[in-house]
Amino acid sequence: MKFDDLLLEIGGFGKFQILILAILFLPRINLSMHFLLHNFLAATPSHHCAIPHQEAFVNLTMEEVLLISIPRKPDGTFSSCEMFSQPQFHLLLDSSLQPENKSIIQHCQHGWVYDHSQFTSTISTQWDLVCERRGLNQATATFFFIGVTVGAVVFGYLSDRFGRKAMLQLSLLCSLALGMLSAASVSYTMLAVTRTLTGAALSGLSLIVLPLGMEWVDVQHRTFTGILSSIFWSVGNMLLALAAYLVREWHWLLVAVTGPCLLSIICVWWVPESARWLIAKGKVKQAHRHLLRCARMNGRKDIPVSPEVSNWRSRDALTRMATDKTIRGSYSYISLFRTPVLRRISLCSGVVWFGVAFSYYGMSMNLTGFGLSIYLSQFVFGAIEIPAKMVMYVLVNRVGRRQSQAWTLILTGLCIGANILIPTVFTSLRSVVAIMGKGFSEAAFTTVFLYTSELYPTVVRQNGMGYTSFMARLGGALAPLMFLLDEVWRSLPEVTYCGVAVCSGAVAFLLPETLHMRLPEAIEDIE
């Protein structure tokens, strides 16, 4: 007897599963808000060098003060990182003149002045993370994803050993505490450390929420569950735009985004442990109790049962499942590479996850240059994900997981590449192509979560999710640093995102198809 046969008897998608999924979607919303928080937390408003003794120029307008104090860039805008060593009063007569003596141009000596019309305060303005210190600003996102990367390995192992629910509760508690500590940061170092630890804590949510829900759902509703869970990620993206628009001060924005973890901590106590995991670990009594509870809530307590599962209520069938040698034993990350088929799945899925996250966060953290405000860009980028997910619901059931995964990644890369060729003056066209690319990128992310949870057997599923999440967060950690490559060549970041997306999409063709297949319980099921 397989666990999926058991689910059909007790109700594979009834009131019990709906309530579980509704509760698990709360941390899913909160997760996406934290993962893209860098867009607003570390936003850099327009700025210029602070001008000393500015009060001496009382007879000049602000534009004239800037004209004699700040050099212009080739596009005519004032430089953000340079100033004249002495006021250039002759520019008041002819502003088109360019100083021939470059030695009078120097880096900012007295700090910076920021435009606060859009942001009251960000970490960039608080600690002057601009110009020569710009790398530290981008590194904030990298530190966060390094934490998520480490957390993926830790929580992947711990949730397979100690259970999904216990690690989910631990992840939520740590996320709440560390998120609030980040909001209270008094130095850049403190923020970098606390955001790294917050990333590690949030990794537990990323890893556990979807598999825990999927392990209670039957085969027929698995795709629907995966897509619905992903839609709530997009809802979180849109809510982040609203929260950032209403809260313009970075300390309070962190509090606003972290606070909902408290509600999730309260609600998640009702969620039962995965019966699949309990049976795999030989904890038959607990699994039996949760299954009875599921049957009662789904209205199956008095229905006749089929012969092959007729003894499950007396724990006999569960005991036989628990003592099955194919699903018992000790497993680790090494188990993912011991057998040929599982080794190929692990290597290819690792590349795919890296490519999905690298291109997704590369696009999600580039909200400027499309003619829209940063808040509207964030909202539109989140909103376009919802129809993309609905289309994927049809595609993954019609053309399969493998084709959907490969082509969404390839099309993401092509959209990124197209925007390299479109001149910046065509802002509307660039916006349309970027939104299409974001839709394809999110479709790829939606598919990879569903696809991976079906590729790995129950005994190593969380180890597999931990490993692939590690690869994804590695991609997420490197993505923001690619923006620094624009100093080498302006289009180099986009070329990198494009190339990685197309190559990882090609690798997805090497993975096996899982459409209409039962979730494997043991490694032998896929070998």
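Residues numbered from 1 in each chain as written. Predicted model: local features only at pLDDT ≥ 70, side-chain atom pairs only at ≥ 80, totals over all residues. Heavy atoms only, no water.

The name that an unreviewed UniProt entry assigns to the protein is Solute carrier family 22 member 7, with the source organism given as Sylvia atricapilla. UniProt, in the comment section headed Sequence similarities (unreviewed entry), describes the protein in these words: "Belongs to the major facilitator (TC 2.A.1) superfamily. Organic cation transporter (TC 2.A.1.19) family." (UniProt positions renumbered as here; feature names shortened; annotations may be inferred.)

**Description of unusual backbone geometry**
One non-glycine residue, Asp128, lies in the positive phi region at around 50°. One can find Asp128 in the loop between α5 (123–127) and α6 (134–162). The residue Cys131 is not glycine, and still its phi comes out positive at about 55°. Inspection of the secondary structure puts Cys131 in the loop between α5 and α6. (Helix = DSSP H or I, 4+ residues; strand = E, 2+ residues; numbered from the N terminus.)

**Some words on the packing of aromatic side chains**
Inspection of the entire model under this criterion finds 28 aromatic pairs. Summarising the aromatic geometry, the rings of Phe354 and Phe358 are spaced 5.6 Å apart at their centres and angled 10° between planes, so their arrangement reads as stacked. Here Phe354 and its partner Phe358 are both found in helix α15 (residues 340–364), four residues apart, which amounts to about one turn of the helix. Exposure remark for Phe354: the relative accessible area of 18% places this residue in the buried category. Judged by its relative accessible area of 3%, Phe358 falls in the buried class. (Phe/Tyr/Trp six-rings, centres within 6.5 Å; stacked < 30°, edge-to-face > 60°. Buried < 20%, exposed > 50% of the residue type's maximum accessible area, 1.4 Å probe, protein only.)

**With respect to the nonpolar core**
Core analysis: the biggest nonpolar cluster contains 121 residues, and Phe35, Phe40, Ile123, Leu168, Tyr361 and Phe445 have the highest contact counts within it. In terms of residue count, the dominant contributor to this core is α15 (twelve residues). In contact with Ile123, not counting residues within four places along its chain, are Leu41, Ala42, Asp128, Leu129, Asn137, Thr140, Leu191 and Trp250. Counting residues in each nonpolar core, the second largest holds 14 residues, with Phe57, Ile68, Ile70 and Val130 among its members. (Core = buried A, V, L, I, M, F, W, Y, C linked by side-chain atoms within 4.5 Å. Contact = heavy atoms within 4.5 Å.)

**Some thoughts on the environment of Leu93**
With respect to the helices and strands, Leu93 occurs in the loop between β2 (82–84) and β3 (105–107). Given a relative accessible area of 79%, Leu93 falls into the exposed group. Spatially, the C-alpha atoms of Leu93 and Leu481 are 43 Å apart, while their sequence positions differ by 388 residues.

**Quick look at the layout of surface pockets**
Estimates place the volume of the second largest pocket at around 300 Å³. Along the walls of the second largest pocket sit 17 residues, with Met517, Arg518, Pro520, Asp525 and Ile526 positioned nearest its centre. Elements that contribute at least two residues to the lining of the second largest pocket include exactly α15 and α19 (427–455). Per-class residue counts for the lining of the second largest pocket are eight nonpolar, one polar and eight charged. Counting contributing residues, the lining of the second largest pocket receives three or more from each of domain 1 (1–26 + 132–329) and domain 3 (335–526). (1 Å grid on protein atoms, 1.4 Å probe; cavity = no way out; pocket = protein on both sides within 12 Å on 5 of 7 lines; lining within 4 Å. Points joined across faces, edges and corners; volume = space filled by probe spheres on them. Nonpolar A, V, L, I, M, F, W, Y, C, P; charged D, E, K, R; others polar. Domains from an automatic or database assignment.)

**Quick word on the state of the cysteines**
Under the definition given, this model contains two disulfides. Between the sulfur atoms of Cys49 and its disulfide partner Cys108 the distance amounts to 1.8 Å. Between Cys49 and Cys108, the S-S dihedral sits near -65°, and the bridge is therefore left-handed. One end of the pair, Cys49, is in strand β1 (residues 47–49); the other, Cys108, is in the loop between β3 and β4 (112–114), with 59 residues separating them in the sequence. Given a relative accessible area of 0%, Cys49 falls into the buried group. In this model Cys81 forms its disulfide with Cys131; the gap between the sulfur atoms is 2.0 Å. Handedness here is read from the sign of the S-S torsion; for Cys81 and Cys131, about -95°, the answer is left-handed. (Disulfide = S-S within 2.5 Å.)

**Re helix α10 (residues 250–258)**
Within α10, burial applies to Trp250, His251, Leu253, Leu254, Val257 and Thr258. Along the long axis of α10, the arc covered by the buried residues comes to 165°, so they all point the same way. (Arc of directions from axis to C-beta.)

**Structural notes on the packing of helix α18 (residues 401–421) against α19**
Running from N to C, α18 and α19 point in directions that differ by 155°, and their axes come no closer than 8 Å. In terms of orientation, α18 lies roughly antiparallel with respect to α19. α18 and α19 meet at a crossing whose hand is left-handed. When the residues that make up the contact of α18 with α19 are grouped by side-chain class, the tally is 13 nonpolar, eight polar and four charged. (Axes fitted to C-alpha atoms, helices over the stretch in contact; angles between N-to-C directions. Parallel < 35°, antiparallel > 145°, perpendicular 65-115°, else oblique. Left-handed = near helix turned anticlockwise from the far one by under 90°.)

**Focus: the packing of helix α2 (residues 15–35) against α10**
Packing of α2 against α10 leaves a shortest axis separation of 9 Å and a crossing angle of 155°. The pairing of α2 with α10 is recorded here as roughly antiparallel in orientation. Where α2 approaches α10, its residues Asn30, Met33 and His34 are matched on the opposing element by Leu254, Val257 and Thr258.

**Let's talk about the domain arrangement of the protein**
Here the protein is partitioned into domain 1 (1–26 + 132–329), domain 2 (47–114) and domain 3 (335–526). The C-alpha-based centres of domain 2 and domain 3 are spaced at 44 Å.

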